[in-house]
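Spelled out, the chains give:
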Amino acid sequence: MGTHTSSAHGGEELCDRKASGRKRWRGAFVTGTDTGVGKTVITAAIAAALRGEGRNVGVWKPVQSGALLGRGITDAERLLRGTGLAERPEQIAPFTFAPPLAPALAAEQAGAALTMAGLLAAGEPLSERYDALLIEGAGGAAVPLTSDALVADLIAELGVPALIVARCGLGTINHTLLTAALLRQRGIPVAGVVMNEADPATSRNDPSTAANAELIERYGGLRVLGRFPWLSGEVTRERLVRAVEQHIDISPVRQMLDNARSQ
């Protein structure tokens, strides 16, 4: 069953809206080429690295499915462990459903109705507490989110750039270029691609991994920010930050946050 945190709409919110009347969201949306590509670890790692630089960055998982809160295995709970943020899991993930299904279907089976307005309202308290948010999607950009919207539609509504998390191995070029094409079709700028060693065996044995990043850049006009290593054992905040510092160029993310703050 879904959980939901409501938010108040006060005068301060009106001051933070564009001339069009839409709220100005600050941050970046972390989407993936598929489910299980490692969006959560990348979101937590980049957020932890930015917070280590003194930036007031939060995380938000608008909707998650596959397990209920309380056992420590949901994305929201993993995001909190990885970043050390002093938030409750239900604040990070206002909508949580047990069935491992696309959000629209998981909500339907739980007797709930996800709407774009409801998702946005649930994220507003976080947007008010932090200067910027790293927002983790569910599955890929074309995953059904509500009865009439995909994850990509939420990104477009938020008006923030996207960061694509992709696997390292064979097939990732196709999946990454298709993801970028869908985002661009919605007018969403792509800040870059993070290759993630989600499967260490494939990363070691797949001969395509050596050239995939260069080909994604060449054919997709995309910037690959690095290759995040597989981390075995306990994944602590310190290990995540160190991996980012050693393997990922997050300067485009910093630039996006600085630009959003100056607007």
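Residues numbered from 1 in each chain as written. Predicted model: local features only at pLDDT ≥ 70, side-chain atom pairs only at ≥ 80, totals over all residues. Heavy atoms only, no water.

1. Details of the sheet that holds strand β8 (residues 224-228)
Logical step 1: Sheet architecture is open: six strands sit in the order β2-β5-β1-β6-β7-β8, paired in parallel fashion. Bordering the open sheet on either side are β2 (57-60) and β8, each of which pairs with just one other strand. This sheet shows a mean twist of 25° between the axes of neighbouring strands, independent of strand direction.
Logical step 2: In the sheet, strand β1 (residues 27-32) pairs with strand β6 (residues 162-167) via four bridges, with the strands oriented parallel. Residue pairing for β6: T31 is matched across the bridge by I164. (Pairing = 2+ DSSP bridges. Helix = DSSP H or I, 4+ residues; strand = E, 2+ residues; numbered from the N terminus. Axes fitted to C-alpha atoms, helices over the stretch in contact; angles between N-to-C directions.)

2. Some thoughts on the nonpolar core
Inside soluble globular proteins, nonpolar side chains tend to come together where they are buried.
Logical step 1: Ranked by size, the top nonpolar core spans 76 residues in total, and within it F29, I46, L158, V193 and F228 carry the most contacts.
Logical step 2: No other element matches helix α2 (residues 39-52), which puts eight residues into this core.
Logical step 3: Excluding anything up to four places from it in sequence, L158 contacts R22, W25, F29, W60, L120 and I135. (Core = buried A, V, L, I, M, F, W, Y, C linked by side-chain atoms within 4.5 Å. Buried < 20%, exposed > 50% of the residue type's maximum accessible area, 1.4 Å probe, protein only. Contact = heavy atoms within 4.5 Å.)

3. As for the pairing of β2
Logical step 1: Neither face of β2 is open: one carries V57 and V59, the other G58 and W60, and all of them are buried.
Logical step 2: Two elements, β2 and strand β5 (residues 132-140), share four bridges in a ladder whose sense is parallel. Bridging from a neighbouring strand, V59 pairs with L134 of β5.

4. Some details on the packing of aromatic side chains
Geometrically, a pair of aromatic rings is defined through the distance of the ring centres and the angle of the planes.
Logical step 1: Overall, the coordinates contain one aromatic pair when judged by the stated rule.
Logical step 2: Seen in terms of ring centroids, W25 and W60 are 5.4 Å apart; in terms of plane orientation they differ by 15°. Their pairing is stacked. Taken together, the residues span a long stretch of sequence, with W25 in the loop between α1 (11-15) and β1 and W60 in strand β2 at a distance of 35 residues.
Logical step 3: For W25, a relative accessible area of 8% puts it in the buried group.
Logical step 4: The aromatic ring of W25 is capped on one face by K23, whose charged end is 5.1 Å from the ring centroid. (Phe/Tyr/Trp six-rings, centres within 6.5 Å; stacked < 30°, edge-to-face > 60°. Lys NZ or Arg CZ within 6 Å of the ring centre and 35° of its normal.)

5. Let's talk about the pattern of salt bridges
Logical step 1: Counted according to the given criterion, the structure contains 13 salt bridges.
Logical step 2: In this structure, the salt-bridge partner of D75 is R78, at a minimum N-O distance of 3.4 Å. Placement of the pair is D75 and R78 together in helix α3 (residues 75-83), with a separation of three residues, close to one helical turn.
Logical step 3: Looking at R78, the relative accessible area reads 35%, which means it is partly exposed.
Logical step 4: Among the charged side chains, a salt-bridge network with shared partners connects E53, R55, R254 and D258. (Salt bridge = Lys/Arg side-chain N within 4 Å of Asp/Glu carboxyl O.)

6. Here's the deal with the side chain of S208
Logical step 1: Mapped onto the fold, S208 is located in the loop between α9 (200-205) and α10 (209-220).
Logical step 2: Side-chain polar atoms of S208 contact the backbone nitrogen of L170, separated by 3.1 Å.
Logical step 3: Of the polar contacts made by the side chain of S208, one reaches the side chain of N212; its length is 3.0 Å.
Logical step 4: Discounting chain neighbours no more than four positions away, the residues touching S208 are C168, G169 and L170. (Polar contact = N/O pair within 3.5 Å; in protein donor to acceptor, adjacent residues only side chain to side chain.)

7. Here we look at the confidence of the model for the protein chain
Logical step 1: On average, the protein chain scores 90 in pLDDT, and the residues at 70 or more come to 91%.
Logical step 2: Low pLDDT (under 50) marks residues 1-20, which in the prediction has 34 contacts with non-local residues, meaning those over four places away or in another chain. (pLDDT = per-residue confidence, 0-100.)

8. Focus: the packing of α2 against α3
Two quantities define a packed helix pair, namely the angle between the axes and the distance from one axis to the other.
Logical step 1: One way to put it is that α2 packs onto α3 with a least axis distance of 8 Å and a crossing angle of 30°. One element, α2, and the other, α3, form an angle in the roughly parallel class. Judged by the sense of rotation from one axis to the other, the crossing of α2 with α3 is right-handed. For the pair α2 and α3, contact is made by T40, V41, T43, A44, A47, A48 and R51 and by D75, R78, L79, G82 and T83, respectively. (Parallel < 35°, antiparallel > 145°, perpendicular 65-115°, else oblique. Left-handed = near helix turned anticlockwise from the far one by under 90°.)

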